[in-house]
Amino acid sequence: MNKLLLLLTLAPCIVFGQTTLIPDANFEQALIDYGYDLSLDGTVLTSNIDTVTSLSVSSRNIADLTGIEDFTALTGLYCQNNQLLSLDLSQNIALVHLGCWNNQLTS
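Cut-offs applied
Residues numbered from 1 in each chain as written. Predicted model: local features only at pLDDT ≥ 70, side-chain atom pairs only at ≥ 80, totals over all residues. Heavy atoms only, no water. Pairing = 2+ DSSP bridges. Helix = DSSP H or I, 4+ residues; strand = E, 2+ residues; numbered from the N terminus. Axes fitted to C-alpha atoms, helices over the stretch in contact; angles between N-to-C directions. Core = buried A, V, L, I, M, F, W, Y, C linked by side-chain atoms within 4.5 Å. Buried < 20%, exposed > 50% of the residue type's maximum accessible area, 1.4 Å probe, protein only. Contact = heavy atoms within 4.5 Å.

**Q** Looking at this structure, how should I read the sheet that holds strand β4 (residues 76-78)?
**A** Hydrogen bonds between backbone atoms are what pair the strands of a sheet, whose relative direction is either parallel or antiparallel. Spatially, three strands are ordered β3-β4-β5 in an open sheet, and the strand pairing comes out parallel. The open sheet has two edge strands, β3 (54-56) and β5 (97-99), and neither has a second partner. Adjacent strand axes in the sheet meet at a mean angle of 5° when their direction is disregarded. One ladder, built from three bridges, connects β3 with β4; its direction is parallel. From the neighbouring strand, Ser54 faces β4, where its bridge partner is Gly76.

Printed below as a string of structure tokens:
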């Protein structure tokens, strides 16, 4: 009985997979536009983004790129002309090309 209860508890995690938090609606809309996400709900399936190698989200009025850390295969990120105040790319160790000018970056 305990094993069945455990299986039923974990089933949604297995079926739906791990998700990445995307709190900025404009960032998530860009991911929807590229086909990486289906709905504007604040999350994206991590398996849909962890193999993306290049991402251009320039001029989209994005203020927060939270979630970019799960783009672990990212080698190129282009996020210029947005409203970013900070950008943490410490988890994006494959990144070699970065365009992020024309933001309000302080960290």
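**Q** Quick question: what am I supposed to make of the nonpolar core here?
**A** The tendency in soluble globular proteins is for nonpolar side chains to be buried as a group. The biggest cluster of nonpolar side chains holds 20 residues, and the ones touching the most others in it are Phe27, Leu55, Leu65, Ile68 and Phe71. Here this core takes three residues from helix α2 (residues 25-33), the largest share from any one element. Apart from residues no more than four positions distant in its own chain, Leu65 is found in contact with Phe27, Val57, Cys79, Leu84 and Leu87.

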